[in-house]
Every structure is written in structure tokens, then in C-alpha cells.
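Residues per chain are reported as follows:
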Amino acid sequence: MKDGSVLVVVGLLVVCLVALLLVLLARREAAALRTQANLDVASIKDEARTLIADVQRREQRLAEREARVATERVEVSDLEREARGRAEAAAESAREAARAVEVADRDAARIVAEADKEAQAIVGAARQEAIEELASTAGLTAGEARAELTGRLIEQATNDSAAQVRRIEAQARRTANAKARRVVVAAVQRTAVASSSQGSVVVLPLPSEDMKGRIIGKEGRNIRSFEALTGVNVLVDDQPGSVVLSCFDPERLELAQVVLDALMADGRIHPQRIEAAYEQALAGADERSDAAGHDAAERAGVERLHPDLVRTLGRLRLRTSYGQNVLEHLVETALLAATIAAEVGADVEVARRGAFLHDIGKALTSQVPGTHAAVGAELVTRYGEDAVVANAVAAHHDEVAPETVEAVLVQVADAISAARPGARRAEIEQYTERLHKLEQLVTAHAGVRRALAMSAGREVRVVVEPSEVDDYALPQLAVAIARHIEADLTYPGEIKVTVVREIRASATAG
């Protein structure tokens, strides 16, 4: 079969070479005819010029020699007739050359067309012969052999296209990753903010050492009354010159801090005064929310917010996510999004506004059903924010598709803020449970032999069975696992999926 294919290819090459030779010969003959015609025309023109000059000289002589006028006129007339004859002959030769060139072009086109038809016939015959040979060898019918051959060609084309796609994707990923790293590094370096991790203790300095005794009270009645009313532990002996408030509820911790600040400023501390200060602190919750909201908006550079949005944002000062203070997270995200938007040429104000408002729904999730992204998008829309800002809020967890570049930048800034070292933390039980769920989810895919969660759950290495997953299927499997993780797991930041296919061969020499 290979010899037959070689003969077919050689035959095609011979036919093409013969056709090309004929075309070149025809063009060479036409060029020669054109050259000869041009030479004849030039020669005739030169002769005509010479004759005309001679005529002019003779006319001058005729003026001087009137006796020879009749003879000279006869000679001139003969010469002119001869020149016209030669010119007509040259013109006819040029026309014949043009007709010869046209005929040669038609012949060359006909020869090429015939060669193409012959080549197609040879290829068709060779293909039919190959199909028949394959059918006879494999014991298939001609239709089955044709389907088998077509399937092989399709598989080869699919593999080639997949390889090309991988090369293009790798090149685009290298370029995009390098630029993205530059932008993110510039944004993080320019946004130097303190860690927004929320603590469970507050240290208050004492105006004087005798204030510690007043806080404790006679036989400890003041401190007992304070702890019973606020639900916060008061530690007065841990640090000199200060008092420590400890509580895992941030709302209680803030309320206790306000009460104790008011008591130390007044100087009068007893159970009745503690109750009065506590009532005043409860009544001032909205004012503290407004103040916290305005302060956060000013630090983030966001203006013209509705007062109800400002108050709702202020309530997030008491909300944490994996130990990260949500309001501080919003300020940090807004600064990061604005910096990245300026670097990539996006709308800075839209990115800043969308990032600052993206988690506002967390203040209402206990009151309104739905995810915080959907609740936040509905809230900002109700208070007059633009549709692009509402889309950035709704899409920051991919619950809806991002419609603008600024919405994607909000996702990026949110991930950067959550991934800062020390920004978020989780309990060890939750951490191990999340890693276990991640590995279980990955190993459920066909062909996966083992899954290893690494880098605190931000990367998963997937080892596949080489006999079940080939090299061409690795990118599709990595994408499928990533989409499965996005759909079924809740996690901060990003998780990188790396699929490994390894074939080992060993032998022992005795």
C-alpha cells in the first residue's frame, strides 16, 4: 500500500512538472515572438526616421536643384510606399505574436486543468484502492472501511487541533499571567493597609492606677455587675496601666468598650451608673453605625452614598468573615479595585464603588432570605446605584455573570483582600473538613487515582491513571474539576487545580 502511494505521488509530481514545462515553453516562445516583433518595429522606425531625414535633405537639394525635382519626387514616393509596407508587415507580425500568446495561454490553462483532473482521478482511485485494501485486510465492507478511515482522520484532526489550542492557550496564559502579576503587585504595594483581621479582645488604657480599683468595686460588685450586664469578661490584672475586655461577640465587645470608656471619663462607677451608661450605649448604636459608615466611605474614597446605605455599611463593623472584619475588608477591597482599574484602564469610580458595596448584603442576611450577593445587589439598586455597580455586587461570587470589566476587578480585589496573610482564619475542624471534602470531590471524577490538597487548601494535585486518561484529556479534566469545585464548595480566595499523568517503566538486568 505504501508503494502504491509513492507511485501515485511520483505520478502526480511528473504530471505537474510536465504541465509546468509546457507552460514555461509556451511563455518562452511568446516572449521570443514579442521580442522579435519589438525589434522589427524598432528597426522599421529607425529606417523610417533615416528615410525621412533623407527626404528632408533631398527636399533641400530640390530647392537648389529644380532640374532634378521630378526624379527626386518619384524616389521619395517609392521610399514612402516601401516604408508603409514594412510598417504594415511589422504590425501584422505584432498581431500574430499577440494571437500566439493568447493561444499559448489557453493551451497552458487547458493542460493545467487536464492535469488537475487527472491528479484528482488518480487520488480518488488511490483512495478507493486504499479503502478496498483496508476493507479486504480488516474484513469490512467498503462503507465500513470508509467510516473507519473517516474516523481515523477525524481523530487525528481533533488531536492536532487540541494540541494547537493548548499551545495558543499556554502562550496567552504566559502573557496574561505576567501582566496580571505586574498589575496585582503594583496594586498591593500601593495599597499598604493594616491587617483587617478582627480580634476578640480590646485593651483600654487606664487614666490612673486608682481607676482599676473603681472598676473592681467594693468586694468586686462593680466588675460583676459590668460582666453580667454586658456579657464581656474584664481582665484587670493582665497588663499594668490597662484593662482588657474579652468576648467572641464583636457587638457585645464594642458595647462594653463604649460603656467602660464612658464610665472612666465620668469617674463615677457603681452598679446604677453602669446600667445608665449601658442604656446610653444601646441608644447610640445607630449613631455609631453612621459614624463608622461615613468614616469607611471617606477612607475608601466613595462619595454620594444614600444615608441608609451608609448606616447599613456601618453595621458591618461588627460582622466578621473567617475572622476578617467585613467593613475593613470593604475599604481594602475598594482601594485595591481602584488601583487595579487605573492600571488596566477601566472605570476607576465604578470599580471602587462596586468593591466598596459588594458585601453590603451581609448586614441583612439574617433578616432577608437569599445570598448576601443577591440581597446586596437588590439593596443598592433600591437606593439608586447604577446597574453596573449592582451587577458587580451580584457577580462577585459568580452567582450571576459579570457584565463589565469592573465587575471582574471587584472579584479580583475581593480575592486579594481575603488572601492577605493573617486576614482570615478558620477553626482547625473546619479546615480539615474542607480539605477532606475537597479531596473527596476530586477523587469522584473518572480516571483520578489520588488527590492531594496542598498550600492550606488553595491548591489540589490530581494524579490520574495513565491507562484511562491520555495527554489530550488532561486540560478538559482540569477544567471539569475546577468547575465542580466552584459549584459544590464554599471557600475563600482561589483553588489551583494541577493534573499529573505519569508513566513509569522499570526493568531488572540480571
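Residues numbered from 1 in each chain as written. Predicted model: local features only at pLDDT ≥ 70, side-chain atom pairs only at ≥ 80, totals over all residues. Heavy atoms only, no water.

## Some words on the pattern of salt bridges
Thinking step 1. Evaluated as defined, the whole model comprises 17 salt bridges.
Thinking step 2. In this structure, the salt-bridge partner of Asp266 is Arg268, at a minimum N-O distance of 2.7 Å.
Thinking step 3. Take Asp266: its relative accessible area is 33%, and that puts it in the partly exposed class.
Thinking step 4. Among the salt bridges present, the one from Asp471 reaches Arg501, with a minimum N-O distance of 3.0 Å. Note that Asp471 is positioned in the loop between strand E7 (459–464) and helix H16 (474–488) and Arg501 in the segment after strand E8 (496–500), a separation of 30 residues in sequence. (Salt bridge = Lys/Arg side-chain N within 4 Å of Asp/Glu carboxyl O. Buried < 20%, exposed > 50% of the residue type's maximum accessible area, 1.4 Å probe, protein only. Helix = DSSP H or I, 4+ residues; strand = E, 2+ residues; numbered from the N terminus.)

## Notes on the packing of helix H8 (residues 285–300) against helix H10 (residues 326–344)
Thinking step 1. At a minimum axis separation of 9 Å, H8 and H10 run at an interaxial angle of 20°. The pairing of H8 with H10 is recorded here as roughly parallel in orientation. The way H8 lies across H10 gives a crossing that is right-handed. Across the interface between the two elements, Ala292, Ala296, Arg299 and Ala300 from H8 touch Leu327, Glu328, Val331, Ala334 and Leu335 from H10.
Thinking step 2. Across the contact of H8 with H10, the residue classes break down as seven nonpolar, no polar and two charged. (Axes fitted to C-alpha atoms, helices over the stretch in contact; angles between N-to-C directions. Parallel < 35°, antiparallel > 145°, perpendicular 65-115°, else oblique. Left-handed = near helix turned anticlockwise from the far one by under 90°. Contact = heavy atoms within 4.5 Å. Nonpolar A, V, L, I, M, F, W, Y, C, P; charged D, E, K, R; others polar.)

## Structural notes on the sheet that holds E8
Thinking step 1. Across the sheet, three strands lie side by side as E6-E7-E8; this open sheet has mixed pairing. Each end of this open sheet is capped by a strand with a single partner; those strands are strand E6 (448–454) and E8. Averaged over all adjacent pairs, the angle separating strand axes in this sheet is 20°, with direction ignored.
Thinking step 2. By the bridge criterion, five bridges tie E7 to E8 in an arrangement that is parallel. Bridge assignment links Val460 to a residue of E8, and that residue is Val497. (Pairing = 2+ DSSP bridges.)

## Description of helix H11 (residues 348–357)
Thinking step 1. Along H11, eight of the 10 residues are buried, which leaves the element largely enclosed by surrounding structure.
Thinking step 2. Where H11 is buried, its residues touch H8, helix H9 (307–315), H10, helix H12 (372–382), helix H13 (387–394) and helix H14 (405–419).
Thinking step 3. Sitting at the head of H11, Asp347 places a side-chain oxygen 3.2 Å from the backbone nitrogen of Glu349. (Polar contact = N/O pair within 3.5 Å; in protein donor to acceptor, adjacent residues only side chain to side chain.)

## With respect to a nonpolar patch on the surface
Thinking step 1. On the surface, a cluster of nonpolar side chains totalling about 560 Å² of accessible area is made up of Val6, Val10, Val14, Val18, Leu21, Leu22 and Leu25.
Thinking step 2. The topology assignment puts Val14 in helix H1 (residues 2–64).
Thinking step 3. When its relative accessible area of 44% is taken as the criterion, Val14 is described as partly exposed. (Patch = residues over 30% accessible without salt bridge, like charges linked within 9 Å, V, L, I, M, F, W, Y side chains within 5 Å. Areas by Shrake-Rupley, 256 points an atom, 1.4 Å probe, with all protein chains shown as cover.)

## Section: the sheet that holds strand E1 (residues 201–205)
Thinking step 1. Taken together, three strands build an open sheet; the order of strands is E1-E3-E2 and the sheet is antiparallel. Single-partner strands in this sheet number two, and they are E1 and strand E2 (233–235). Each adjacent strand pair in this sheet contributes to an overall mean axis angle of 25°, direction not counted.
Thinking step 2. Relative to strand E3 (residues 242–246), E2 runs antiparallel, the two sharing three bridges. What sits directly across from Leu235, in E3, is Val244.

## Focus: the environment of Val203
Thinking step 1. Here Val203 shows up in strand E1.
Thinking step 2. Look at Val203 and you get partly exposed, because its relative accessible area is 40%.
Thinking step 3. The residues contacting Val203, other than those within four sequence positions of it, are Gln239, Ser242, Val243 and Val244.

## Observations concerning the pairing of E6
Thinking step 1. Relative to E7, E6 runs antiparallel, the two sharing six bridges. Bridge pairing in E7 places Ala451 opposite Val462.
Thinking step 2. Here E6 folds back onto E7 in antiparallel fashion, the turn holding four residues, of which Ser455 has a positive phi close to 55°.

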